[in-house]
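# Commentary on secondary and tertiary structure
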Amino acid sequence: MNNHNNQNTGCSIDDELIEKELEEFDRLMSDEVIYISDTSEAGEGFEQTGNSSTTAETSLPFPDGAVKLTHMQGETPTEDCMTLEDILQPHKLRKALLSTFILEMDWLEPKFAKSTKLVIVKSYNPDEEPSGVLQTENGRITLINPLFGKQKYPIMHSKLMLLFYDNYVRFVASSANLIQIDWTVLQNIVYIQDMKLDTMQTFTPTEFSIELQKALRDLNVPEQVVDQINHIDTSNVGVHIVTSVPSRRGWQVRDHADAYGMAKLAKIAQKLYPQPSVPGNLDIMSTNVYCYGSSMGRPTNAFLRNFFCYSLGMTWDEIKRQTDSQLTEHEAFRRVKVGFHTNDQGNSNKFGLISRMSIKCQQDSYFDKSFPADALYKIEPAVPHTLVHAKVVLMRMGPGEHHGWMYLGSHNFTAGAWGNVSTTQLKLTYVNNYEFGVVLPEVRFDTVFGRDHVVWRGSKVPMPVKLSWSPYSRDDFPCFSD
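Analysis parameters
- Sequence positions are assigned chain by chain, starting from 1 and proceeding in written order.
- At least 70 in pLDDT is required for a residue's local features to be given in this predicted model, at least 80 for side-chain atom pairs to be given and counted, and no such filter applies to totals for whole chains, interfaces and linings, which use all residues.
- Water and hydrogen atoms were dropped before computing side-chain values, which therefore reflect all heavy atoms in the structure.
- Two rings belonging to Phe, Tyr or Trp (six-membered ring only in the last case) form a pair when the distance between their centres is within 6.5 Å. Interplanar angles under 30 degrees mark stacking, angles over 60 mark edge-to-face geometry, and anything in between is tilted.
- The helix and strand labels rest on DSSP assignments: H or I over at least four residues marks a helix, E over at least two residues marks a strand, and numbering proceeds from the N terminus.
- The rule is simple: take the accessible area with a 1.4 Å probe, protein chains only, and divide by the maximum for that residue type; under 20% is buried, over 50% is exposed, in between is partly exposed.
- By definition, being over a ring means that NZ of Lys or CZ of Arg is both within 6 Å of the ring centre and within 35 degrees of the ring normal.
- Think of a 1 Å grid over just the protein atoms. A cavity is a set of points where a 1.4 Å probe fits yet cannot get out, a pocket is an open set with protein on both sides within 12 Å along at least five of seven lines, and lining residues have an atom within 4 Å of a point.
- Grid points are joined across faces, edges and corners, and a volume is the space filled by probe spheres set on the points.
- In this classification, the charged set is Asp, Glu, Lys and Arg, the nonpolar set is Ala, Val, Leu, Ile, Met, Phe, Trp, Tyr, Cys and Pro, and all remaining amino acids, among them Gly, are polar.
- Any pair of nitrogen or oxygen atoms within 3.5 Å is treated as a polar contact; in protein, a donor-acceptor pairing is required on top of that, and neighbouring residues in sequence qualify only through side-chain atoms on both sides.
- For helices, the fitted axis covers only the stretch in contact; all axes are lines through C-alpha atoms, and the angles between them, taken along N-to-C directions, range from 0 to 180 degrees.
- Contacts are assigned to residue pairs that have any heavy atoms within 4.5 Å of one another.
- Should DSSP find at least two bridges between two strands, the strands are taken to pair.
- Note on definitions: salt bridges are taken to be side-chain nitrogens of Lys or Arg within 4 Å of carboxyl oxygens of Asp or Glu.
- By this rule the span expected of a helix is its residue count minus one, scaled by 1.5 Å.

Right, let's talk about the packing of aromatic side chains for a bit. Counted under the stated rule, the structure contains 19 aromatic pairs. Measuring from centroid to centroid gives 5.9 Å for Phe 367 and Phe 480, while their planes differ by 35°, and the two rings are tilted. Taken together, the residues Phe 367 in the loop between α13 (363-366) and β16 (376-378) and Phe 480 in the segment after β25 (470-471) connect sequence positions 113 residues apart. You can call Phe 480 buried: its relative accessible area is 9%. Taken together through their ring pairs, the aromatic side chains of Phe 171, Tyr 191, Phe 208, Phe 436 and Trp 456 make up a single cluster. Of note, Lys 95 hangs over the ring of Phe 164, and the distance from its end group to the ring centre comes to 4.8 Å. Over the face of the ring belonging to Tyr 260 we find Lys 214, whose NZ or CZ atom lies 5.1 Å from the ring centre.

Rendered as structure tokens:
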């Protein structure tokens, strides 16, 4: 079973994992694998799989979108949780696009019917493999290695699915890799949206469909697959896509600075909360940002301050103007609460080392004198004595912090995932990883019978952690991975 290595920590890629992944793929495919350097040759036949919706209409299980948690081993099933099989519905699945950081092909492949076409985008070591496409001779399974530049730690960390059925498509954004432990002993989070599919009709583009096509092209997904988005009705989708793409000279320089990572998050925040012309009309002074990820990285006060500003769609200079300089820089970065498992939680989780190895914090990072230790908060998993691999951000504002937005997806709370940014303009200066996630706008944070709830589109959003966080005590240390 594979060990996680979410390299936002600054560790190098685990070469043993990559080698095992390649061995599994070679064993599965035998001698039928061919290498394709031009992705335009890949994905042929993907567009023919499945039927048009001229057949009987299918009711959509999740027409308005829904957040679910992954079902954990030994727990009683509830409507808030789903297994991978629940999501895939393999008995009626026609074709699928999947992306993952770590891939257990021998565990994943048997979950699909042998007639189901699969396109899988994965991480890889560019020192050992070229970018491009691996494909079976019959074209059923396609593996994609997306482009990297000169990243010190090249990471394809995006986790999304497009699942094609006869009459609809299921969009999935999640924090879970395509490996067994992420769907059994680690708590992950999933966003699901079902949308009508009609291969005989071209639907009017929406912000979501445009951003989704752009994200797929960034991952070097073949055009035959990307073009399928034109035949999906995305008019009822209410989430906003946020991606990160590794910076590299000479490639997408024109739009990279404001289209990805933290800068993209700021553009979404500007739509949700336009900056008022009169200072003081935005609830900046009552805003806090709660961030959880399974990898700590090397946060700095500057990164925390910038994330707070960008989560409101503003630069630090604009924040100072809006608050008439009442909010100090120290107060700004302390409004970002970084949730992370303690070392005691790592030691006492009921699944032991197999679960703990996926929670990443380096001791040398934590004990560095510049580490913002007072930003750390203890979180309490929704399922007791387990560890959480989900990645979530809650921006809570207003009296009582009762409204805001929620992010979920693959981004850990690190500069490698969200990027380094300018302090004077809403622009990225560098980002290391491929990442993918969604922002749920207009979220409410309500208290019912003494318990906090997240509500979106009138429905409760199940959370992997409870909403009441407490600062680390003097005796608390983060869950170390070394």
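More follows now that the structure is in view.
With that out of the way, let us pick up the layout of surface pockets. Here the largest pocket defines a volume of roughly 600 Å³. If you go around the largest pocket, you meet 25 residues; those closest to its centre are Ala 382, Arg 451, Lys 460, Met 463 and Lys 466. Breaking the lining of the largest pocket down by element, the ones donating at least two residues are β2 (66-70), β23 (451-456) and β24 (459-461). Broken down by element, the lining of the largest pocket gets its largest block of residues, four residues, from β23. In terms of residue class, the lining of the largest pocket is built from eleven nonpolar, eight polar and six charged.

Now for the side chain of His 157. Within the secondary structure, His 157 sits in the loop between β8 (155-156) and β9 (160-164). Taking relative accessible area as the criterion, His 157 reaches 0% and is therefore assigned buried. A polar atom in the side chain of His 157 sits 2.9 Å from the side chain of Glu 435.

To describe two helices that pack against each other, one gives the angle between their axes and the distance between the axes. Contact geometry for helix α7 (residues 261-272) and helix α8 (residues 301-311): axes closest at 8 Å, N-to-C directions at 30°. In this structure, α7 contributes Met 262, Ala 263, Leu 265, Ala 266 and Ala 269 to the contact, and α8 contributes Phe 303, Asn 306, Phe 307, Tyr 310 and Ser 311. For the contact of α7 with α8, the residue count by class is eight nonpolar, two polar and no charged.

Most of strand β5 (residues 117-122) is tucked away: six of the six residues are buried. Along β5, one buried face is formed by Lys 117, Val 119 and Val 121 and the opposite face, lined by Leu 118, Ile 120 and Lys 122, is buried too. In terms of strand pairing, strand β4 (residues 95-100) meets β5 through six bridges, oriented parallel. Residue pairing across strands places Ser 99 opposite Val 121, the latter belonging to β5.

Here we come to the environment of Ser 358. Summarising the element assignment, Ser 358 is placed in the loop between α12 (353-356) and α13. Residue Ser 358 is classed as buried on the basis of its relative accessible area of 0%. Taking the C-alpha atoms as reference points, Ser 358 and Ser 481, separated by 123 residues in sequence, lie 8.1 Å from one another.

Okay, the pattern of salt bridges next. Across all of its chains, the model carries 18 salt bridges by this definition. A salt bridge links Asp 80 to Lys 460, with the shortest nitrogen-to-oxygen separation between them at 3.8 Å. Here Lys 460 lies in strand β24 and Asp 80 lies in the loop between β2 and β3 (81-82), a separation of 380 residues in the sequence. Owing to a relative accessible area of 22%, Asp 80 belongs among the partly exposed residues under this scheme. Overall, the relative accessible area of 46% leaves Lys 460 in the partly exposed class. Its salt-bridge partner being Asp 364, residue Arg 298 comes within 3.2 Å of it at the nearest N-O pair. Here Asp 364 lies in helix α13 and Arg 298 lies in the loop between β14 (288-292) and α8, a separation of 66 residues in the sequence.

On to helix α4 (residues 207-218), then. Along its twelve residues, α4 runs 16 Å from first to last C-alpha, staying within 8% of the 16 Å computed at 1.5 Å per residue. Where α4 is concerned, the buried positions are Phe 208, Ser 209, Glu 211, Leu 212, Gln 213, Ala 215, Leu 216 and Asp 218. At the C-terminal side of α4, Asn 220 shows a positive phi close to 65°.

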